[in-house]
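A look at the structure
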Amino acid sequence: MAITKDDIIKALEEMKLTELNDLVKAIEDHFGVVAAAAVAAPAAGAGGAAAPSEVSVMLTNAGGNKVSVIKLVKEMTGLGLMDAKKLVDGTLPVAIKENVKVEEAEEMKKQLMEAGASVDLK
């Protein structure tokens, strides 16, 4: 029996934001495409519990190219270079920015991941 669109939508409604992000990444990798940030965030009022409108961008690993990650953190947070370095070099995971709109958080995550960092949205 084939899976219908309604089955897929019902399954997506039950997923957490982090699970949806992982699913989008897997689809992007499998098909070699890049999803727009709006695609990853469910529409408000769609079904049961609405997804949060604001999330925190959490750095879980700076990766091998720390200099690029530090520069991005400096730019994103408005911190000075030394403070951004302390944040990246400190105890991980650490919140880079809190209470940001999902679309902005997705863009920040994308930039940090391109620089080699590991990032979660919570």
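Residues numbered from 1 in each chain as written. Predicted model: local features only at pLDDT ≥ 70, side-chain atom pairs only at ≥ 80, totals over all residues. Heavy atoms only, no water.

The name an unreviewed UniProt entry gives the protein chain is Large ribosomal subunit protein bL12, with Spiroplasma monobiae MQ-1 as the organism. Looking at the protein chain in UniProt, the text filed under Function (unreviewed entry) is "Forms part of the ribosomal stalk which helps the ribosome interact with GTP-bound translation factors. Is thus essential for accurate translation." (UniProt positions renumbered as here; feature names shortened; annotations may be inferred.)

1. Considering the nonpolar core
By size, the foremost hydrophobic cluster in this structure holds 23 residues, and its most contacted members are Val57, Leu59, Val69, Val73, Val88, Ile96 and Leu112. Top element by residues in this core is helix H4 (residues 66-77). It accounts for 5 residues. Dropping the residues within four chain positions of it, Val73 is found in contact with Gly78, Ala84, Leu87, Val88, Ile96 and Leu112. (Core = buried A, V, L, I, M, F, W, Y, C linked by side-chain atoms within 4.5 Å. Buried < 20%, exposed > 50% of the residue type's maximum accessible area, 1.4 Å probe, protein only. Helix = DSSP H or I, 4+ residues; strand = E, 2+ residues; numbered from the N terminus. Contact = heavy atoms within 4.5 Å.)

2. Points about the sheet that holds strand E2 (residues 94-101)
Here we have 3 strands laid out as an open sheet, ordered E2-E1-E3, and antiparallel in their pairing. Only two strands of the sheet have a single partner each, and these edge strands are E2 and strand E3 (118-121). Between one strand and the next, the sheet's axes are offset by a mean angle of 25°, whatever the strand orientation. Of the strand pairs in this sheet, strand E1 (residues 54-61) and E2 are connected by 5 bridges, and their pairing is antiparallel. Residue Val55 lies in a different strand from E2, and its bridge partner there is Val100. Running over the sheet, helix H6 (residues 102-114) touches E1, E2 and E3 and is turned about 145° from E2. (Pairing = 2+ DSSP bridges. Axes fitted to C-alpha atoms, helices over the stretch in contact; angles between N-to-C directions.)

3. Structural notes on H4
Over its 12 residues, H4 runs 16 Å from end to end, which matches the ideal 16 Å to within 8%, given 1.5 Å per residue. Within H4 the residues assigned to the buried category are Val69, Ile70, Leu72, Val73 and Met76. When H4 is viewed along its axis, its buried side chains cluster within an angular range of 165° and face the same direction. Relative to its buried face, H4 has exposed residues pointing more than 90 degrees away, namely Val67, Lys71 and Glu75. As for H4, its buried residues are in contact with E1, helix H5 (81-89), E2 and H6. Positive backbone phi, at 80°, marks Gly78, one or two positions downstream of H4. (Expected span 1.5 Å × (residues − 1). Arc of directions from axis to C-beta.)

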